[in-house]
Amino acid sequence: MPLQRILEPEVMETPETAAAYEAMDFTAVNTAFCEDLAAVLPTVEQPLQVLDVGTGNGRILQMLHQRYPHWQLTGIDLSPAMLAIARHHSPQLNFIQGDAKALPFAAASFDVVISNSLVHHLADPQPALGEMLRVLRPQGILFIRDLCRPATKAALQVLVDQYAGQDTPEQRQLFADSLHAALTLMEMRDLLRTLPQPPQQWQVTLTSDRHWTVVAQG
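As the structure is a prediction and not an experimental result, all values here were calculated from the model. (Residues numbered from 1 in each chain as written. Predicted model: local features only at pLDDT ≥ 70, side-chain atom pairs only at ≥ 80, totals over all residues. Heavy atoms only, no water.)

**Points about the overall build of the chain**
And then number 1: Summing up its helical and strand segments, the chain has 8 helices and 7 strands in all.
And then number 2: Overall, the C-alpha framework of the chain stretches about 45 × 40 × 30 Å when taken along its three principal axes.
And then number 3: Taking all 218 residues of the chain together, 51% fall into the buried category.
And then number 4: Considering only contacts in the chain between residues 6 or more positions apart, those separated by 24 or more positions represent 73%.
And then number 5: Just so you have it, the chain exposes about 10200 Å², and 54% of that area is on carbon and sulfur atoms.
And then number 6: In the chain, which carries 14 positive and 23 negative side-chain charges, the distance between the mean positions of the two groups comes to 4 Å. (Helix = DSSP H or I, 4+ residues; strand = E, 2+ residues; numbered from the N terminus. Buried < 20%, exposed > 50% of the residue type's maximum accessible area, 1.4 Å probe, protein only. Contact = heavy atoms within 4.5 Å. Areas by Shrake-Rupley, 256 points an atom, 1.4 Å probe, with all protein chains shown as cover. Lys, Arg positive; Asp, Glu negative; His and termini not counted. Charge placed at Lys NZ, Arg CZ, Asp CG, Glu CD.)

Dropping the structure here:
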């Protein structure tokens, strides 16, 4: 029987949960995210307006700022605990508390909208996806990456052992819960197809043994 989706909390509300997440090493994953993002952009030389939806601890924006200091970077997240960590590490960046399902920005405000590991936190990701497209400028790039739910419980456990085997029990459980809450590749494709205003061009592909990636044009 295929592994069914089991939701986890939308927000990492407590400082303890945020600290456990912060202690996990996502350097390789975040580096790949930044490199793959740059590869699909028409240019990285211009001062792009970039929004990171569900920025969490802000590590991806921190990495982008180091690589492209001329970009104007904004991160938004619903969790005060996660934003406190982001602001501590990157006080020079703009972090806003807000809901991905009701972004506090005008339409067509950003050249690039990114999101990493947010979708699996949302019971219904469609409103957030619609908001990301709303604030994206025409011909802008939407770049979303998240976990892909394994087909079986055994496959899930293999991923937990491989990528969180040396972590604490709490961190292993966080990763397992996230995998369980993730969408499959086909579920994400169906979600994009059924958006009230879908992007002009989009593709969803498996980009690792545990991630899918959306690249779309506004």
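**Comments concerning unusual backbone geometry**
And then number 1: Positive phi outside glycine occurs at Ala108, with the angle close to 55°.
And then number 2: Of note, Ser117 is a non-glycine position whose phi angle comes to about 60°, a positive value.
And then number 3: The residue Ser117 is located in the loop between strand 4 (110–116) and helix 5 (126–134) in this model.
And then number 4: Accessibility expressed as a relative area gives 19% for Ser117, which makes it buried.

**A look at the nonpolar core**
And then number 1: Formed by 30 residues in total, the largest nonpolar core has its most connected members in Leu51, Val53, Val113, Met188 and Trp212.
And then number 2: Taken together, the elements giving at least two residues each to this core come down to strand 1 (49–53), strand 4, helix 5, strand 5 (136–147), helix 8 (185–193) and strand 7 (211–217).
And then number 3: When sequence neighbours within four positions are dropped, the list of residues in contact with Met188 reads Val119, Leu129, Leu183, Val204, Trp212 and Val214. (Core = buried A, V, L, I, M, F, W, Y, C linked by side-chain atoms within 4.5 Å.)

**Considerations on the sheet that holds strand 4**
And then number 1: The mixed open sheet is built from 7 strands, whose spatial order is 3-2-1-4-5-7-6. Every other strand in the sheet has two partners, leaving strand 3 (94–97) and strand 6 (201–206) as the edge strands with one partner each. Neighbour to neighbour, the strand axes of the sheet diverge by 15° on average, direction disregarded.
And then number 2: Two elements, strand 5 and strand 7, share 7 bridges in a ladder whose sense is antiparallel. (Pairing = 2+ DSSP bridges. Axes fitted to C-alpha atoms, helices over the stretch in contact; angles between N-to-C directions.)

Geometry only, nothing functional implied.
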